[in-house]
Amino acid sequence: ISTLKKEEGVHIVVALTHVHTHQDELLVKSIPEIDLVLGGHDHDPVSFQSLNSTLVLKCGQNGYWVGQVDLDVEYEVMMMTLQEEKVINGGIPEQRIKQDSVQIYPSWYMHSTRRVSNDPMIDNIVLKYRTKANEELMNSIKDEKEDEPFLHGLELDDTLATIVQPLNHHDDDGGGGGSVIVPLDTRSAEVRRRETTSGNLIADAMLSYYFDFMNDNTDNNERSTPYTTTMTTTNKETMDIDVLAMINGGFIRGDRLYPIDTTTTITLFDILEELPFPRTCTLLDIADTHLLDGLEQQLSSIPTASGAFPHVSNNVRLVYNPKAKVGSRIVRMSVNGCVVERGKGKMYRIIVTDFVASGGDGCSAWCFGLNPLICNDTNDDDGGSDETISNKEDGDGGRLQHGNKRLKFVQRKISTIVIGYLRSKREIALKLEGRVATCT
């Protein structure tokens, strides 16, 4: 950039970025020659000037705000003396400019688009692409229809489930009761900061998918009890292992607060729009210490909103202190009512997305977990290969050792898992249960 300004006659440098705010701060600190940063990635509007006066402007998400920047630029041209001209330029009069001194004074505004009427011409263009996008949405589940009967005949507007609004009861000071009606909430500002009904719903669907699989593929006397399953160790012994599920808030993209009434429904279109990423679920067998470390990393950006924020299944309770040092925020965590303790060597099985399993969002502790799935091309008897599937490996899944059997486990897309869960339930009660809670 220094070369551009000194030798190429560039006066103003604008950086277009799509990184976290703290990375924009690092950028302008490292390269002070940048005059203006127009950023993305963060879902809330942000503007600030760095110590060297570089303006950073980020307009949030979905066109809710439009940013405007005016730059007042002052140029000061310094001319060479006659002696400098003879020495440096060989006496050529046209090159008597010594340097340009540029001073930039920015003004900026953030305009809300809330009350801006749609342009009819733009609406027609949007409709054209919306129609095409809807076709692509249906195509996204086309391949899975053959394997999943519940997808047969589904159209985008078909209802998957009706939201039954429960009452969240709580006591005030030990006396009297109170109640709160909770809506389905997928707003980005919420799913990236705290427990939400949408995060709870998806995590529960993932856990349910695993246990439906286990119970559909085992004999009655081998069936898993709720939230606990049996795993086979390397020496062919069996042990019970607690199972949980986690979805990161950034996976939820609809940014909606669904209405609160007795007729609120969730359609196929809603789920495909809320969960557009074609990510699959995967399994990790992970030790207590690494489980806690992974969740610490998921919580590390709080109070800043982060797509890493964890939403957990209903058999998990996690309490953390957002003001504590990063890496030491979890005060206590329990799975199936039992406290998770560091260094005890206890193993857990967690259902997550393949993105999380491979250390996405910088949460590298999950990479210490082992995928218990064995490659699909192995034999079902003890003579088969025991090559396991990498956490970073895409595919249809593998085989899960259960006693003397190897059960074929399909790593379904999260959206498909949620669709199946809703269709099986037909009615969904939403609750905020303090699964991920704060303390000071």
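Residues numbered from 1 in each chain as written. Predicted model: local features only at pLDDT ≥ 70, side-chain atom pairs only at ≥ 80, totals over all residues. Heavy atoms only, no water.

S.K.: Explain the overall build of the chain to me, using residue names and the numbers behind them.
M.R.: In terms of helices and strands, the chain carries eleven helices and 23 strands. Expressed as a percentage of its 440 residues, the buried residues of the chain come to 42%. Taking contacts inside the chain between residues at least 6 apart in sequence as the whole, the part at least 24 apart equals 65%. (Helix = DSSP H or I, 4+ residues; strand = E, 2+ residues; numbered from the N terminus. Buried < 20%, exposed > 50% of the residue type's maximum accessible area, 1.4 Å probe, protein only. Contact = heavy atoms within 4.5 Å.)

S.K.: I'd like a description of the environment of Ile-286, backed by residues and values.
M.R.: Within the secondary structure, Ile-286 is located in strand E13 (residues 281–287). The exposure class assigned to Ile-286 is buried, which follows from its relative accessible area of 0%. C-alpha of Ile-286 to C-alpha of Ala-365: the two residues are 79 residues apart in sequence and 9.6 Å apart in space. Non-local contacts of Ile-286, meaning those with residues more than four positions away in its chain, are made with Leu-291, Lys-346, Met-347, Tyr-348, Ile-350, Ala-365, Trp-366 and Gly-369.

S.K.: A description of the sheet that holds strand E23 (residues 436–438) should follow, citing residues and the corresponding values.
M.R.: An order of E17-E16-E15-E23 is seen for the four strands of this open sheet, with the pairing classed as mixed. On the outer flanks of this sheet lie strand E17 (338–339) and E23, each paired with one strand and no other. Bridge count for strand E16 (residues 330–335) against E17 is two bridges, and the pairing is antiparallel. When the sheet's bridge partners are listed, Val-335 is paired in E17 with Cys-338. Sheet strands touched by helix H9 (residues 288–298): strand E15 (316–320) and E16. Its angle to E16, the strand with the most contacts, is close to 125°. (Pairing = 2+ DSSP bridges. Axes fitted to C-alpha atoms, helices over the stretch in contact; angles between N-to-C directions.)

S.K.: Run through the environment of Ser-107, naming residues and quoting values.
M.R.: Residue placement: Ser-107 occurs in strand E6 (residues 97–112). Between the C-alpha atoms of Ser-107 and Val-69, which are 38 residues apart in sequence, the distance is 5.8 Å.

S.K.: Could you give an account of the sheet that holds strand E12 (residues 265–267), with specific residues and numbers?
M.R.: The mixed open sheet is built from three strands, whose spatial order is E12-E7-E22. Looking at which strands have only one partner, the edges of the open sheet turn out to be E12 and strand E22 (427–429). On average, adjacent strands in this sheet sit at an angle of 30° to one another, irrespective of strand direction. Summarising the sheet, strand E7 (residues 159–164) and E22 pair through three bridges and their orientation is parallel. Within E22, the position partnered with Ile-163 by the bridge is Ile-428.

S.K.: An account of the packing of aromatic side chains is requested, with residue identities and associated values reported.
M.R.: The geometry of an aromatic ring pair comes down to the distance between the two centres and the angle between the two planes. For the structure on display, the rule yields three aromatic pairs. Their ring planes at 75° and their centres at 6.0 Å tell us that Tyr-64 and Trp-65 sit as a pair that is edge-to-face. Given the relative accessible area of 35%, Tyr-64 is considered partly exposed. Between Tyr-210 and Phe-211 the ring centres are 5.1 Å apart and the planes differ by 85°, which places this aromatic pair in the edge-to-face class. Residues Tyr-210 and Phe-211 agree in their burial class; the two are buried. In this structure, Arg-256 packs its charged tip against the face of Tyr-258, placed 3.8 Å from the ring centre. Just above the ring of Tyr-348 sits the side chain of Lys-346; from NZ or CZ to the centre is 5.2 Å. (Phe/Tyr/Trp six-rings, centres within 6.5 Å; stacked < 30°, edge-to-face > 60°. Lys NZ or Arg CZ within 6 Å of the ring centre and 35° of its normal.)

S.K.: Can you explain the environment of Val-37? Please cite residues and give values.
M.R.: Along the chain, Val-37 falls in strand E2 (residues 36–39). Owing to a relative accessible area of 0%, Val-37 belongs among the buried residues under this scheme. Placed ten residues apart in sequence, Val-37 and Ser-47 show a C-alpha to C-alpha distance of 9.8 Å. Sequence-distant contacts of Val-37, that is, excluding residues within four places in its chain, are made with Ala-15, Thr-17, Asp-24, Val-28, Thr-54, Leu-55, Val-56 and Leu-57.

S.K.: Describe the pairing of E16, and please don't skip the residues or the numbers.
M.R.: Bridge count between E15 and E16: five bridges; the pairing is antiparallel. Paired with Leu-318 across the strands is Met-333, a residue of E16. The turn joining E16 and E17, which pair antiparallel and follow one another in sequence, is formed by two residues; a positive phi near 55° is taken by Asn-336.

S.K.: Summarise the pattern of salt bridges; cite the residues concerned and give the values.
M.R.: The full count for this structure, using the stated rule, is eleven salt bridges. One salt bridge connects Lys-346 with Asp-242, and the closest N-O pair in it is separated by 3.4 Å. With Lys-346 in the loop between E17 and strand E18 (347–353) and Asp-242 in strand E11 (residues 238–248), the pair connects residues that are 104 residues apart, well separated along the chain. The class for Asp-242 is buried, based on a relative accessible area of 10%. Overlapping salt bridges, with partners in common, bring together Asp-204, Glu-433 and Arg-435 in one network. (Salt bridge = Lys/Arg side-chain N within 4 Å of Asp/Glu carboxyl O.)

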